[in-house]
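Take a look at the letters that make up each chain.
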Amino acid sequence: MRESNNRWVLWTLIIITLLLLAGIGYSIYLYQIINDGRNAGFDDTKNQIENQTSYHNVHSIQGYYGENNYHVFYASNEDNEERLIFLPLEGEERELIVINTEDMMSEEAILDAWSSSCDSCKFADISPAYEDGQALWEITYHDKDNRFVMDYYSIDGQSLEERYSYNKMFP
């Protein structure tokens, strides 16, 4: 009797261990699939830009997914001048939108200005954005009321263009 109880416990532990290992393996697989999808096309964009335009040293590629979707990256032109470039991902006319980095406020400067105006905020991320024909800085953070907030500043840092705030649904 005692031996059958031990076998039952042993088999239960083996099954639980196998299920946990399978769950961990599946989680890793899903993470890789999702992460690959998030970065899909970045290498193609880099190769396309470097081979078909006068821009080189393409770096800091990221996606912006607003009303229209863009690959956003920095690159240098033939005079080694740094540019911020938006490549539309949809449509027949995929014309590059090029911003001279000298005409924009730097990421560090806009963050300094933002942090001085929002002492109790918890910073999440900053990235370039493009909406309604205008290049913007998108700053995401949690405010003092624990709302998730998305601020859109003009690329030159002169004005706040839009703000979206979302209340936490579940405590």
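The model shown is predicted, which means the values in this text are computed figures rather than measured ones. Along each chain, residue indices are assigned from 1 in the same order as the chain's sequence is written. Local features in this predicted model are restricted to residues whose pLDDT is 70 or higher, and side-chain atom pairs enter the listing and the counts only when it is 80 or higher, whereas totals over whole chains, interfaces and linings include all residues. Excluding hydrogens and water, the side-chain figures rest on all heavy atoms present in the structure.

**Digging into the overall build of the protein**
Alright, step 1. To qualify as a helix, a DSSP run of H or I must reach at least 4 residues; to qualify as a strand, a run of E must reach at least 2; elements of each kind are numbered from the N terminus. Each helix and strand counted, the protein has three helices and eight strands in total.
Alright, step 2. Each helix (α) and strand (β) of the protein, taken in turn from the N terminus, gives the series α-α-β-β-β-β-α-β-β-β-β.
Alright, step 3. We take the radius of gyration over the C-alpha atoms and set the globule estimate at 2.2 Å times the residue count to the 0.38 power. Relative to the globule expectation of 16 Å for 171 residues, the C-alpha radius of gyration of the protein, 24 Å, shows a markedly less compact shape.
Alright, step 4. Expressed along its principal axes, the backbone C-alpha trace of the protein runs to roughly 85 × 45 × 30 Å.
Alright, step 5. Each residue is assigned to one of three classes by its accessible area relative to the maximum for its type, calculated with a 1.4 Å probe on protein chains only: buried under 20%, partly exposed between the two thresholds, exposed over 50%. Classification of the 171 residues of the protein by burial places 29% in the buried group.

**Thoughts on the state of the cysteines**
Alright, step 1. Cysteine sulfur pairs qualify as disulfides if the two atoms are within 2.5 Å. Inspection of every chain in the model, using the stated rule, returns one disulfide.
Alright, step 2. With its sulfur 1.5 Å from that of its partner, Cys 118 forms a disulfide with Cys 121.

**Focus: helix 2 (residues 42–52)**
Residue pairs spaced three or four apart in an α-helix point in one direction, given the helix's 3.6 residues per turn.
Alright, step 1. If you check which residues of helix 2 are buried, you get Phe 42, Thr 45 and Ile 49. Down the axis of helix 2, the smallest arc covering the buried residues is 60°, so these residues share one side. Looking at helix 2, the residues exposed on the side facing more than 90 degrees away from the buried face are Asp 43, Asp 44, Asn 51 and Gln 52. What the arc covers is the set of directions going from the helix axis to the C-beta atoms.

**A short note on the sheet that holds strand 3 (residues 82–88)**
Alright, step 1. In this analysis, strands are considered paired if DSSP registers two or more bridges between them. Pairing is antiparallel across the open sheet formed by four strands, whose spatial order is 1-2-3-4. With one partner strand each, in any of the chains shown, strand 1 (56–65) and strand 4 (97–100) form the two edges of the open sheet. Averaged over all pairs of adjacent strands, the angle between their axes in this sheet comes to 20°, without regard to strand direction.
Alright, step 2. Sheet analysis places strand 2 (residues 69–76) next to strand 3, joined by seven bridges and oriented antiparallel. Note on strand 3: the bridge partner recorded for Ser 76 is Glu 82.
Alright, step 3. Whether two residues touch is decided by their heavy atoms; if any such pair falls within 4.5 Å, the residues are in contact. Fitted lines through C-alpha atoms give the axes, limited to the stretch in contact for helices. The angle between two N-to-C directions lies from 0 to 180 degrees. Relative to the sheet, helix 2 contacts strand 1, strand 2 and strand 3, its axis offset from that of strand 1 by approximately 135°.

**Observations concerning the pattern of salt bridges**
Alright, step 1. The working definition used for a salt bridge is a side-chain nitrogen of Lys or Arg within 4 Å of a carboxyl oxygen of Asp or Glu. As enumerated under the stated definition, the model contains four salt bridges in all.
Alright, step 2. Put simply, Glu 81 and Arg 83 hold a salt bridge, and the shortest N to O gap is 2.9 Å.
Alright, step 3. Bridged by salt links that share partners, the residues Asp 143, Asp 145 and Arg 147 form one connected network.

**Description of the nonpolar core**
Alright, step 1. If you look at the biggest cluster of nonpolar residues, it comprises 27 residues, and the most contacted ones within it are Leu 84, Phe 86, Trp 114 and Trp 137.
Alright, step 2. For this core, the secondary-structure elements that each account for two or more residues are strand 2, strand 3, strand 4, helix 3 (107–117), strand 5 (122–131), strand 6 (134–142) and strand 7 (148–154).
Alright, step 3. The element contributing the most residues to this core is strand 6, with five residues.
Alright, step 4. Setting aside residues no more than four positions away along its own chain, Trp 114 makes contact with Cys 121, Phe 123, Ile 139, Tyr 141, Asp 151 and Tyr 153.
Alright, step 5. Tyr 55, Phe 73, Ala 75 and Ile 85 belong to the second largest nonpolar core, which has seven residues in total. By nonpolar core is meant a set of buried Ala, Val, Leu, Ile, Met, Phe, Trp, Tyr and Cys residues that side-chain atoms within 4.5 Å join together.

**Details of the pairing of strand 1**
Alright, step 1. Strand direction decides the pairing type here: strand 1 and strand 2, joined by six bridges, are antiparallel. Bridge assignment links Gly 63 to a residue of strand 2, and that residue is His 71.

**Let's talk about the side chain of Arg 83**
Alright, step 1. Within the fold, Arg 83 resides in strand 3.
Alright, step 2. Polar contacts, as used here, are pairs of N or O atoms within 3.5 Å; protein pairs need one atom able to donate a hydrogen and one able to accept it. Residues neighboring in sequence count only if both atoms are side-chain atoms. Side chain to side chain, Arg 83 and Asn 100 meet in a polar contact 3.0 Å long.
Alright, step 3. Discounting residues that sit within four places of it in the chain, Arg 83 has contacts with Tyr 55, Phe 73, Tyr 74, Ala 75, Asn 77, Val 98, Ile 99, Asn 100 and Thr 101.

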